[in-house]
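Architecture and fold: a report
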Amino acid sequence: MPFVAELFEPASDEEVRDALLSHGPVAIRGLGTKDLFGCPVESDREISTLGIKGIVEWSPEDLVVVVRAGTPVTELQSELASKGQCIPLPSASDAATEFTAGKPGTVGGLVSANLPTRWDSVSRGVRYWVLGVRAVLADGRIARAGSKAVKNVAGYDSQKLFIGAWGTMGVLTEVIFRTFPIARFSGEPECIERIGDWSPGRRPVIARVPRVSLAGASLRLNSGGVVDHSEGTLWTDYSKKLQSYVEKSGGWILCAGMGRSNFPIHGPQTDLMCALKQRIDPHRKINPGRLGVF
Ligand SMILES: Cc1cc2nc3c(=O)[nH]c(=O)nc-3n(C[C@H](O)[C@H](O)[C@H](O)COP(=O)(O)OP(=O)(O)OC[C@H]3O[C@@H](n4cnc5c(N)ncnc54)[C@H](O)[C@@H]3O)c2cc1C
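This is a predicted model, so every value here is computed, not measured.

**Some details on the overall build of the protein**
Within the protein one finds eight helices and 15 strands. Relative to a compact globule of 294 residues, whose C-alpha radius of gyration would be 19 Å, the protein shows 19 Å and is just as compact. Along the three orthogonal principal directions, the C-alpha set of the protein runs to about 50 × 45 × 35 Å. In the protein, which comprises 294 residues, the share counted as buried stands at 52%. At a minimum sequence separation of 6, the contacts of the protein that also span at least 24 residues come to 70%. In the structure as shown, the protein presents an accessible area of about 13,600 Å², 53% of it carried by carbon and sulfur atoms.

If you want it as structure tokens, here you go:
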């Protein structure tokens, strides 16, 4: 756990804004289960999102839930389960590909990390389930993007800016999710293959490779793993030969362990992301350094 010299524990958007405007840069943290991925934030001031919790609104008949971003994922899932619904993550007892399943995190962390799940072939991944967000931006503005309508109106899907941004674009305070019937997510998707008796070891990785390269990548697994043949995703342990194979095939690899070399942000997307950050948070107030590139 990183050293924290000053801790803010806001319970509302306004308190998040006050913390952001008070002075210097801040780190955003939910339950910290993804601390072992990415780069350290260059600040010892922290905003904990854990006070921003609870379900705001849920229409089971419309399959839409509005939830505050500090809500633990397990709390959301157990509430949705009471009416046979879920957001499509593996269950706690079946979450071998979730490296931190013993320590479930928050809704905001889930959206910000945007990691693959074993149900992506059926549910199309986090980017598809998030219909909208509310976020506090670095200059204190409270922004809304998207809506509760599953069929969205014309315009930019600005909520996607925050998905997979690892907290660098703003502090999420609310997320609107599409919910799914639990019945669609029992057992294991057909495209999942388990190789060996694998559970995440000392240095787990998630790798994405073009599907044509997947067989080659699978052969390079050290100690077994889980392969999603539909999405080209591998969950396994680190090995140099896997890393170089994935990189040569034009894929990416996210390794547990701090530092830029473990984090798959490079290539043409980097310039676009830096330009967006410059526009939204020019003074690098929120999570500076977290992505390694800004
Ligand atoms: C049973 C189970 C199975 C799961 N399976 C999967 C799975 O297959 N794939 C998957 O991806 N996840 C899965 N999850 C979810 C995952 O474990 C965590 O919920 C989430 O990824 C991390 O949450 P956290 O609060 O620990 O994030 P943290 O480690 O606190 O934060 C992660 C990143 O997000 C940023 N962040 C956190 N909160 C906010 C916010 N409110 N606004 C802006 N930035 C923020 C942080 O700055 C950091 O960069 C599963 C959860 C459960 C309970």
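Text resumes after the structure shown.
**Regarding the layout of surface pockets**
Any space left empty among the atoms is revealed by the rolling of a water-sized probe across them. Roughly 850 Å³ of volume is contained in the second largest pocket. Where the lining of the second largest pocket is concerned, the elements lending two or more residues are helix 5 (126–129), strand 15 (252–255) and helix 8 (269–280). Tallied by class, the residues present in the lining of the second largest pocket amount to 17 nonpolar, seven polar and five charged. Each of domain 2 (55–183) and domain 3 (190–262) contributes no fewer than three residues to the lining of the second largest pocket.

**Remarks on empty space enclosed by the protein**
A complete count under the given rule lists one cavity of 30 Å³ or more for this structure. Its boundaries defined by the atoms lining it, the largest cavity holds a volume of some 30 Å³. In terms of lining, the largest cavity is formed by Lys-34, Thr-97, Glu-98, Phe-99, Leu-115, Pro-116, Ile-206 and Trp-235. Tallied by class, residues from the lining of the largest cavity come to five nonpolar, one polar and two charged.

**So, the site of the ligand**
Taken together, 35 residues surround the ligand, and among them Ile-28, Thr-33, Lys-34, Glu-98 and Thr-106 come closest. Between Gly-30 and the ligand, the recorded distance is 2.8 Å, taken from a backbone N or O atom to an oxygen atom. Leu-31 is positioned with one of its backbone polar atoms (N or O) 2.8 Å from an oxygen atom of the ligand. Coverage of the ligand by the protein chains reaches 98% of its 980 Å² of free accessible surface. Counting residues per element, the ones that place at least two in the shell around the ligand are strand 2 (27–29), helix 2 (73–81), helix 3 (107–113) and strand 9 (171–178). The greatest single-element share of the shell around the ligand, amounting to four residues, is contributed by helix 3.

**Examining the sheet that holds strand 13 (residues 225–228)**
Read across the sheet, five strands follow the order 11-13-14-12-15 without closing on themselves; strand pairing throughout is antiparallel. Every interior strand has two partners, whereas the edge strands, strand 11 (192–195) and strand 15, have only one. Shown here is a sheet whose adjacent strand axes are inclined to one another by a mean of 15°, direction ignored. One ladder, built from five bridges, connects strand 12 (residues 204–208) with strand 14 (residues 233–237); its direction is antiparallel. Note on strand 14: the bridge partner recorded for Ile-206 is Trp-235. Lying on the sheet, helix 7 (residues 240–248) is in contact with strand 12, strand 14 and strand 15; it crosses strand 15 at an angle near 145°.

**Details of the environment of Ala-183**
Checked against the element boundaries, Ala-183 lands in the loop between strand 10 (180–181) and strand 11. For Ala-183, a relative accessible area of 67% gives the class exposed. Each C-alpha atom, one on Ala-183 and one on Gln-85, is 8.1 Å from the other, the two residues being 98 residues apart in sequence.

**Looking at the domain arrangement of the protein**
Along its sequence, the protein is carved into domain 1 (6–48), domain 2 (55–183) and domain 3 (190–262). Between domain 2 and domain 3, the C-alpha centre-to-centre distance is 25 Å. With 10 residues of domain 2 in contact, the opposing surface of domain 3 contributes 17 residues. In total, domain 2 and domain 3 occlude about 1,100 Å² of area from one another, counting both sides; carbon and sulfur atoms represent 73% of this. At the junction of domain 2 and domain 3, the tally comes to one salt bridge. In this structure, Asp-120 and Arg-208 form a salt bridge, with 3.9 Å as the shortest nitrogen-oxygen distance.

**Focus on the pattern of salt bridges**
Under the criterion given, the structure shown has 13 salt bridges. Salt-bridge contacts for Arg-284 lead to Glu-42; the nearest nitrogen and oxygen are separated by 3.2 Å. Of this pair, Arg-284 sits in the segment after helix 8 while Glu-42 sits in the loop between strand 2 and strand 3 (45–48); the two residues are 242 residues apart in sequence, bridging distant segments of the chain. A relative accessible area of 32% means that Arg-284 is categorised as partly exposed. A relative accessible area of 51% places Glu-42 in the exposed class. A network of salt bridges, in which partner residues are shared, links Asp-13, Arg-134 and Glu-174.

Thresholds, definitions, all that
Residues numbered from 1 in each chain as written. Predicted model: local features only at pLDDT ≥ 70, side-chain atom pairs only at ≥ 80, totals over all residues. Heavy atoms only, no water. Helix = DSSP H or I, 4+ residues; strand = E, 2+ residues; numbered from the N terminus. Rg over C-alpha atoms; globule rule 2.2 N^0.38 Å. Buried < 20%, exposed > 50% of the residue type's maximum accessible area, 1.4 Å probe, protein only. Contact = heavy atoms within 4.5 Å. Areas by Shrake-Rupley, 256 points an atom, 1.4 Å probe, with all protein chains shown as cover. 1 Å grid on protein atoms, 1.4 Å probe; cavity = no way out; pocket = protein on both sides within 12 Å on 5 of 7 lines; lining within 4 Å. Points joined across faces, edges and corners; volume = space filled by probe spheres on them. Nonpolar A, V, L, I, M, F, W, Y, C, P; charged D, E, K, R; others polar. Domains from an automatic or database assignment. Near = heavy atom within 4 Å. Polar contact = N/O pair within 3.5 Å; in protein donor to acceptor, adjacent residues only side chain to side chain. Pairing = 2+ DSSP bridges. Axes fitted to C-alpha atoms, helices over the stretch in contact; angles between N-to-C directions. Buried area = accessible area lost by both parts, 1.4 Å probe. Salt bridge = Lys/Arg side-chain N within 4 Å of Asp/Glu carboxyl O.

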